[in-house]
Amino acid sequence: MKNYLFLFLLVGLWACSGSSDQSSADSDNSDTEVVEESPKPAGKTLSIEKVAFPSKDSLSIKADLYVRDGKEPIILLCHQAGYSRGEYKGTAIKINQAGYSCMAIDQRSGQEANGIINETAKLARESGLPTHYLD
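Residues numbered from 1 in each chain as written. Predicted model: local features only at pLDDT ≥ 70, side-chain atom pairs only at ≥ 80, totals over all residues. Heavy atoms only, no water.

Chemist: Could you give me a rundown of the overall build of the protein chain, with the residues and numbers involved?
Modeler: The number of helices and strands found in the protein chain is three helices and seven strands. Sorting the 135 residues of the protein chain into buried and exposed places 39% on the buried side. Expressed as a percentage of contacts within the protein chain between residues at least 6 apart in sequence, the contacts between residues at least 24 apart total 58%. About 7800 Å² of surface is accessible on the protein chain, with carbon and sulfur atoms providing 57% of the total. (Helix = DSSP H or I, 4+ residues; strand = E, 2+ residues; numbered from the N terminus. Buried < 20%, exposed > 50% of the residue type's maximum accessible area, 1.4 Å probe, protein only. Contact = heavy atoms within 4.5 Å. Areas by Shrake-Rupley, 256 points an atom, 1.4 Å probe, with all protein chains shown as cover.)

Here you go:
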């Protein structure tokens, strides 16, 4: 339990210090994008994959999955109100460099962060579904 608390606090610190970081990992419409890290540790690969999964009411939740050498567990990154998964562009790379995989989700409320539009909130608005923070 202490290890999970430490990871949670570590992610929170990185989020606060790196929320405005930019990286070369720009999101696009492809399913998988392999990003070169600089410097890149020998034998380590980073795969950024755009994924989607259904919410309780079947709305498609969009996310970026940053997989480090197929490692689990995966740390879940949830953005602040008004933002998008783009809030974690720089932070996710730092988490990977620390040896962990993570997934940054677009929550149902929010707009944009670091040039990344919140696709889940946009889809909810277009579908006439609620987009309040608790939704």
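From this point, things continue past the structure.
Chemist: Just give me the short version of the pairing of strand β2 (residues 46-54), but keep the residues and values in it.
Modeler: Sheet topology note: the β2/strand β3 (residues 60-68) ladder contains nine bridges and is antiparallel. Following the sheet pairing, Leu-46 is matched in β3 by Arg-68. Linking two consecutive strands that pair antiparallel, namely β2 and β3, is a turn of five residues; a positive phi of about 75° is found at Ser-58 within it. (Pairing = 2+ DSSP bridges.)

Chemist: Describe in detail the confidence of the model for the protein chain, supporting the description with residues and values.
Modeler: Do not read the fine detail of predicted coordinates wherever pLDDT is low. Overall, the prediction assigns the protein chain a mean pLDDT of 75, with 66% of residues at 70 or greater. Confidence over residues 1-43 falls short of pLDDT 50; this stretch has 62 contacts with residues more than four positions distant or in other chains. (pLDDT = per-residue confidence, 0-100.)

Chemist: An account of the environment of Gln-111 is needed here, citing residue identities and associated values.
Modeler: Position of Gln-111 relative to the elements: it lies in the loop between β5 (101-105) and β6 (112-113). Among residues more than four places away in sequence, those in contact with Gln-111 are Gly-82, Tyr-83, Ser-84, Ile-116, Ile-117, Asn-118 and Arg-125.

Chemist: Which residues make up the pattern of salt bridges, and what are the values?
Modeler: A complete count under the given rule lists six salt bridges for this structure. In this structure, Lys-50 and Glu-119 form a salt bridge, with 2.7 Å as the shortest nitrogen-oxygen distance. Here Lys-50 is found in strand β2, whereas its partner Glu-119 is found in helix α3 (residues 119-126), with 69 residues between them in sequence. On the basis of relative accessibility, which here comes to 24%, the residue Glu-119 falls in the partly exposed class. A salt bridge links Arg-108 to Asp-57, with the shortest nitrogen-to-oxygen separation between them at 2.7 Å. One end of the pair, Arg-108, is in the loop between β5 and β6; the other, Asp-57, is in the loop between β2 and β3, with 51 residues separating them in the sequence. Relative accessible area serves as the criterion here: at 40%, Asp-57 is assigned to the partly exposed category. The structure contains a network of salt bridges with shared partners spanning Lys-50, Asp-64, Arg-85, Asp-106 and Glu-119. (Salt bridge = Lys/Arg side-chain N within 4 Å of Asp/Glu carboxyl O.)

Chemist: A description of the environment of Ala-98 should follow, citing residues and the corresponding values.
Modeler: Take Ala-98: it is sitting in the loop between α2 (89-97) and β5. Residue Ala-98 is classed as partly exposed on the basis of its relative accessible area, which comes to 40%.

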